[in-house]
Amino acid sequence: MAKRGKYGKWSEEDLQHAIRAYSNNIYGTLNQCQRVYGVPKATIKRHSDNKNIFVNGQKKFGTPTTFNIDMEKELVSHILALDSLFFGYTITDIRKLAYDIAEKYSLNHKFNKEKKIAGKKWFYLFMKLKNIPSTSKNVGNVSWYCPLCQEEKIIDIVMCKKCSIWFHEECLGLNRGDTFEECHWCTEKSDQ
């Protein structure tokens, strides 16, 4: 068995050459390609068979991320936009938003499908990697206006997915975490 300690010592260029050599049968065997280029056999085989859809032809270690770079940028800009508009956000808001985006794009994810929410570990790692403060300066001291009671209160809110109007959960008779699709105004419009 080969000695350990050379993990990741090969370059992307080595990987490209090894894939080309293996695909064109230049050295005859996968073992020989591994010896010449120093890239692990499993890596050469996986990349040449196009089974590494996230990083094909590139050197990348670890579990692939749920979102691609564009989706992550979209999520970050949404978080920062909420914060700049003094809406603030809660950890739960971001975790639910991440789950919704993953479902919208039919991504393969490890989020909780029963609770429809991303995990706390995912949240804290995402916020750390994207250099976003983990709590908004507005969390806990924002009063939310609700068109039903016509009052501002510091309580949880939900948004109608059709008209994008925000409501206090208690005004709708919802408990924390209950699902909410559309407000009574949108329901009335769709019934007509």
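Refer to the preceding data block for the structure.
Here is a short report on the structure shown in this document. Quantities reported herein were computed from a predicted structural model and do not represent experimental measurements.

Taken N-terminus to C-terminus, the directions of helix H2 (residues 30-37) and helix H3 (residues 41-48) make an angle of 110°; their axes are 9 Å apart at the nearest point. Looking at the two axes, H2 sits roughly perpendicular to H3. Of the two elements, H2 crosses H3, and the hand of that crossing is right-handed. Of the residues in H3, those in contact with Leu30, Asn31, Cys33 and Gln34 of H2 are Lys41, Ile44 and Lys45.

Below, the discussion takes up the side chain of Arg95. Here Arg95 is to be found in helix H5 (residues 91-104). Within the structure, the side chain of Arg95 is placed 2.6 Å from the backbone oxygen of Ala118, a separation counted as a polar contact. Residues within four places of Arg95 in sequence aside, it is in contact with Ile117, Ala118, Gly119, Lys120 and Phe123.

Before going further, it helps to examine helix H1 (residues 12-23). The periodicity of an α-helix, 3.6 residues per turn, causes residues three or four positions apart to be oriented the same way. Here H1 is twelve residues long and its end C-alpha atoms lie 16 Å apart, about the 16 Å a rise of 1.5 Å per residue gives. Leu15, Ala18, Ile19 and Ala21 are the residues of H1 that are buried. Taken down its axis, H1 places every buried residue within 165° of arc, on the same side. Buried residues along H1 sit against H2 and H3.

Reading guide: rules and limits
Residues numbered from 1 in each chain as written. Predicted model: local features only at pLDDT ≥ 70, side-chain atom pairs only at ≥ 80, totals over all residues. Heavy atoms only, no water. Axes fitted to C-alpha atoms, helices over the stretch in contact; angles between N-to-C directions. Helix = DSSP H or I, 4+ residues; strand = E, 2+ residues; numbered from the N terminus. Parallel < 35°, antiparallel > 145°, perpendicular 65-115°, else oblique. Left-handed = near helix turned anticlockwise from the far one by under 90°. Contact = heavy atoms within 4.5 Å. Polar contact = N/O pair within 3.5 Å; in protein donor to acceptor, adjacent residues only side chain to side chain. Expected span 1.5 Å × (residues − 1). Buried < 20%, exposed > 50% of the residue type's maximum accessible area, 1.4 Å probe, protein only. Arc of directions from axis to C-beta.

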